[in-house]
Amino acid sequence: MASRVSLPGLHAPGAGFDEPFEMLGACHDRVRRSLDLLQRLRDYLKTHACDDSARQAARDVLRYFDIAAPLHHEDEELHVFPPLLAGGDAALTDLVRQLQRDHVLMAERWAAARVGLQALADGAVQAFTPQHETALDRFAQCYDDHLRHEDDRIYPAARALLDDPAQQSMGQEMARRRGVR
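A few points on the structure. If you're wondering where the values come from, they're calculated on a predicted model, not measured in any experiment. (Residues numbered from 1 in each chain as written. Predicted model: local features only at pLDDT ≥ 70, side-chain atom pairs only at ≥ 80, totals over all residues. Heavy atoms only, no water.)

Let us now look at the pattern of salt bridges. Evaluated as defined, the whole model comprises 15 salt bridges. Of the charged contacts, one joins Asp137 and Arg42 as a salt bridge, the two residues approaching to 2.7 Å between their closest N and O atoms. With Asp137 in helix 4 (residues 130-141) and Arg42 in helix 1 (residues 20-47), this residue pair connects regions lying 95 residues apart in the sequence. We classify Asp137 as partly exposed; its relative accessible area is 34%. Among the salt bridges present, the one from Glu74 reaches Arg177, with a minimum N-O distance of 3.2 Å. One end of the pair, Glu74, is in helix 2 (residues 52-86); the other, Arg177, is in helix 6 (residues 164-177), and 103 residues separate them in sequence. For Glu74, a relative accessible area of 34% corresponds to the partly exposed category. The network of salt bridges with shared partners includes Glu74, Asp75, Glu173, Arg176, Arg177 and Arg178. (Salt bridge = Lys/Arg side-chain N within 4 Å of Asp/Glu carboxyl O. Helix = DSSP H or I, 4+ residues; strand = E, 2+ residues; numbered from the N terminus. Buried < 20%, exposed > 50% of the residue type's maximum accessible area, 1.4 Å probe, protein only.)

This paragraph deals with helix 2. For helix 2, which comprises 35 residues, the first-to-last C-alpha distance of 49 Å matches the rise-based estimate of 51 Å (1.5 Å per residue) to within 8%. Maximum bend of helix 2: about 40°, positioned at Val80, with proline Pro82 one to four residues after it. Two residues or fewer past helix 2, Gly88 is found with a positive phi of approximately 90°. (Expected span 1.5 Å × (residues − 1). Bend = angle between axes of the 7 residues up to and from the residue.)

Before going further, it helps to spend a moment on the nonpolar core. Within the largest apolar cluster, 29 residues are counted, with the highest numbers of intra-cluster contacts made by Leu41, Phe65, Trp110, Leu117 and Tyr143. Considering every element that reaches this core, the biggest residue donor is helix 2, with 9 residues. Sequence-distant contacts of Phe65, defined by excluding residues within four places in its chain, comprise Val31, Ser34, Leu35, Pro70, Trp110, Phe139 and Tyr143. Of all hydrophobic cores here, the second largest spans 19 residues; its members include Met23, Leu84, Met170 and Ala175. (Core = buried A, V, L, I, M, F, W, Y, C linked by side-chain atoms within 4.5 Å. Contact = heavy atoms within 4.5 Å.)

With respect to the helices and strands, His72 occurs in helix 2. At 3.1 Å, the side chain of His72 and the side chain of His28 are in polar contact. Among the polar contacts made by the side chain of His72, one reaches the side chain of Tyr155 at a distance of 3.3 Å. Dropping the residues within four chain positions of it, His72 is found in contact with Leu24, Cys27, His28, Glu150, Tyr155 and Arg178. (Polar contact = N/O pair within 3.5 Å; in protein donor to acceptor, adjacent residues only side chain to side chain.)

Attention shifts here to helix 6. Taking 1.5 Å per residue as the helical rise, helix 6 with its 14 residues ought to reach 20 Å, and the 20 Å between its terminal C-alpha atoms agrees with that figure. All of the buried residues in helix 6 are Gln167, Met170, Gly171, Glu173, Met174 and Ala175. Residues of helix 6 that are buried make contact with helix 1, helix 2 and helix 5 (143-161). Where helix 6 begins, the side chain of Asp163 points an oxygen toward the backbone nitrogen of Ala166, at a separation of 2.9 Å. The positive-phi residue at the C-terminal boundary of helix 6 is Gly179, with phi of around 75°.

Mapped onto the elements of the fold, Phe65 is located in helix 2. Among the residues examined, Phe65 registers a relative accessible area of 3% and is labelled buried. Placed 23 residues apart in sequence, Phe65 and Gly88 show a C-alpha to C-alpha distance of 32 Å.

To continue, consider the packing of aromatic side chains. Per the counting criterion, the structure on display carries 7 aromatic pairs. Ring centres of Phe65 and Phe139 lie 4.9 Å apart, and the angle between their planes is 90°; on these two criteria the pair is classed as edge-to-face. Of this pair, Phe65 sits in helix 2 while Phe139 sits in helix 4, and the two are 74 residues apart along the sequence. Taking the centre distance of 5.9 Å and the plane angle of 50° together, the rings of Phe65 and Tyr143 count as tilted. Of this pair, Phe65 sits in helix 2 while Tyr143 sits in helix 5; the two residues are 78 residues apart in sequence, bridging distant segments of the chain. We note that Phe65, like Tyr143, is buried. Aromatic rings pair up to connect Tyr64, Phe65, Trp110, Phe139 and Tyr143 into one cluster. (Phe/Tyr/Trp six-rings, centres within 6.5 Å; stacked < 30°, edge-to-face > 60°.)

None of this, on its own, says anything about what the molecule does.
Laid out in C-alpha cells, this is it:
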C-alpha cells in the first residue's frame, strides 16, 4: 500500500497514491478552493489596502497553479486520457481532445494571469489593474466546464478501463514524479 501523503491539492483524508482517482478528485477540490481564494483576494482588494494577508493569498494561488496544477494536468495526459483515446468511443475521444486543448489554453492564460499575482505578491503593485483583472477572469473561466467534464464523464470512464494493477502503476508513477518515492 502506498503511503498516505499531504500534498498541495490534497485535502481528502486518506487520499494516497494507491487511490489515484481519489487524488485526482482531491486536486479538483483544491483547484476550486484556489479559484475561490483568488476571487476572495480580488474582492478584498476592492475595499481594502493590500496587506500581508493579501500578498500571502497571492503567493498561495501562485504556488498551486505553478506547481500542483501542471502536475495534475500531466497525470491526466499520461494516465487518464490515453486509455480513453484508445477505447474507440467517439464521444469520449472528442471530449478528451477538448480537454487537451483546455490544458494548453489554461497554461497560456495562466502565464498572463500570474503576472498581476506575482506583482502583488512581490509588493510591486497594491491592486490589480484592469488588464490584470481581465487576465484573471479569462484564466478562471477555463475551469467552468473542464472540471465538470472530468469529474462526471472522464474519470469514471477511465477508471472503468484501468484494472487494479494499472491503477497501482498509475499511482506509483504519480508519486515518483512528485518525489514521494
